[in-house]
Amino acid sequence: MRIEIPEDKKLVFESRQSVRWGDMDAMGHVNNAMYFRYLETARIDWFTAVGFRPDPQGQGPVIVNAFCNFYRQLEYPGDILVSLYVSDAARTTFETWATIEKLSEPGVMCAAGGATTIWVDFPRQKAVELPDWIRKLVSE
């Protein structure tokens, strides 16, 4: 199954990351699980950049699903650009989308993925409305 990234989305962050030796598998290319780590790192770096720090005693984001389409292999050594987009703000959720390309090959997509993010009150383990500040960030 292939999930397509929508046309209608908002670029919110770009993350430059290095491919590490340990990211590769026995076949000599980056293991597919590492792509999810790159996407996660971009989301966390974005939250940090906007001044949000996760607090287990407060509220914050939880990923309820995730996907990644693989187009071209990544290998060590190399650096990548993860472009992070958002869309579809709802009462308690929003969508994140990302593309991954090699810095040495700008514009050539190696992978694309996304995740549905739900805002949760951690102590109560319950979904809550998106705070106004995050709604503003993820809305067009």
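Structural data are supplied above this passage.
What counts as what
- Residues numbered from 1 in each chain as written.
- Predicted model: local features only at pLDDT ≥ 70, side-chain atom pairs only at ≥ 80, totals over all residues.
- Heavy atoms only, no water.
- Core = buried A, V, L, I, M, F, W, Y, C linked by side-chain atoms within 4.5 Å.
- Buried < 20%, exposed > 50% of the residue type's maximum accessible area, 1.4 Å probe, protein only.
- Helix = DSSP H or I, 4+ residues; strand = E, 2+ residues; numbered from the N terminus.
- 1 Å grid on protein atoms, 1.4 Å probe; cavity = no way out; pocket = protein on both sides within 12 Å on 5 of 7 lines; lining within 4 Å.
- Points joined across faces, edges and corners; volume = space filled by probe spheres on them.
- Nonpolar A, V, L, I, M, F, W, Y, C, P; charged D, E, K, R; others polar.
- Polar contact = N/O pair within 3.5 Å; in protein donor to acceptor, adjacent residues only side chain to side chain.
- Contact = heavy atoms within 4.5 Å.
- Salt bridge = Lys/Arg side-chain N within 4 Å of Asp/Glu carboxyl O.

Undergrad: Explain the nonpolar core to me, please; I cannot follow it from the model alone.
TA: One broad rule of soluble globular proteins: the nonpolar side chains tend to lie buried together. If you look at the biggest cluster of nonpolar residues, it comprises 27 residues, and the most contacted ones within it are Tyr38, Trp46, Phe94 and Ile100. Elements supplying a minimum of two residues to this core: strand S1 (10-19), helix H1 (32-49), strand S3 (78-87), strand S4 (93-102), strand S5 (109-121) and helix H2 (132-138). Per-element tally for this core: the top contributor is H1, with seven residues.

Undergrad: How do you make sense of the layout of surface pockets when you look at a structure like this?
TA: A water-sized probe, rolled over the atoms, reveals where empty space remains. A volume near 180 Å³ is recorded for the largest pocket. Glu40, Arg43, Ile44, Phe47, Pro54, Pro61, Val62, Ile63, Thr117 and Phe122 together form the lining of the largest pocket. Those elements giving two or more residues to the lining of the largest pocket turn out to be H1 and strand S2 (59-70). For the lining of the largest pocket, the leading source of residues is H1, giving four residues. Taken together, the residues that form the lining of the largest pocket break down as seven nonpolar, one polar and two charged.

Undergrad: How should I be thinking about the side chain of serine 15 in this particular structure?
TA: Relative to the helices and strands, serine 15 is located in strand S1. Separated by 3.0 Å, the side chains of serine 15 and glutamine 17 make a polar contact. If sequence neighbours within four positions are ignored, serine 15 has contacts with Ala42, Asp45, Ile80, Leu81 and Val82.

Undergrad: Honestly, the pattern of salt bridges in this entry has me stumped. Any pointers?
TA: Pairing between side chains becomes possible if they bear opposite charge and their charged atoms approach one another. Tallied over the entire structure, the rule returns six salt bridges. Residue glutamate 75 pairs with lysine 102 through a salt bridge whose shortest N-O separation is 3.6 Å. A residue pair is termed long-range when its members are at least 10 positions apart, and glutamate 75 in the loop between S2 and S3 and lysine 102 in strand S4 qualify at 27 residues. Among the residues examined, glutamate 75 registers a relative accessible area of 31% and is labelled partly exposed. You can call lysine 102 buried: its relative accessible area is 14%. Between glutamate 105 and lysine 102 there is a salt bridge; the shortest N-O distance is 3.7 Å. Here glutamate 105 falls in the partly exposed class, since its relative accessible area comes to 23%. Within the structure, one salt-bridge network assembled from shared partners comprises Arg72, Glu75, Lys102 and Glu105.

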